[in-house]
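Understanding the architecture of this molecule
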Amino acid sequence: MRTISGYQFGVFVAHNSDPIVPGASSCIFLHIWGDQSHGPAGTVGCTAMAEFNIRLLLRWLDPTKHPVLVQMPVAQYQRYRKSLGLPLL
């Protein structure tokens, strides 16, 4: 089995997966930063974080509750929180 650095722990985000729409991008992952000693590196659609944080996320995340990934600046989150039915941060 091959382990890819940064993907030892992670979360698959079911983006464009059922049905697959050609040209609408491919899979998205939440994964470990490739080189934590130099801080976050760019990704191509994924979200990278420190291993400590991905481990916390994996302990908290409950797939049976059908979680939804929402990523936006805090100010936008606060602006749309009520209308989108998002929880308080």
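Located above this text is the structure these notes cover.
Residues numbered from 1 in each chain as written. Predicted model: local features only at pLDDT ≥ 70, side-chain atom pairs only at ≥ 80, totals over all residues. Heavy atoms only, no water.

What follows covers the layout of surface pockets. The space that makes up the largest pocket amounts to roughly 760 Å³. When contributions to the lining of the largest pocket are tallied by element, the ones reaching two or more residues are β1 (10–13), β3 (47–49), α1 (51–60) and α2 (74–84). Looking at the lining of the largest pocket, the element that brings in the most residues is β1, giving 3 residues. Looking at the lining of the largest pocket residue by residue, the class counts come to 21 nonpolar, 3 polar and no charged. (1 Å grid on protein atoms, 1.4 Å probe; cavity = no way out; pocket = protein on both sides within 12 Å on 5 of 7 lines; lining within 4 Å. Points joined across faces, edges and corners; volume = space filled by probe spheres on them. Helix = DSSP H or I, 4+ residues; strand = E, 2+ residues; numbered from the N terminus. Nonpolar A, V, L, I, M, F, W, Y, C, P; charged D, E, K, R; others polar.)

The next point concerns the pairing of strand β2 (residues 28–32). With respect to burial, β2 is a largely interior element, 4 of its 5 residues being buried. Pairing of β2 with β3, which is carried by 3 bridges, proceeds in the parallel orientation. In the sheet register, His31 faces β3, and the bridge partner there is Ala48. (Buried < 20%, exposed > 50% of the residue type's maximum accessible area, 1.4 Å probe, protein only. Pairing = 2+ DSSP bridges.)

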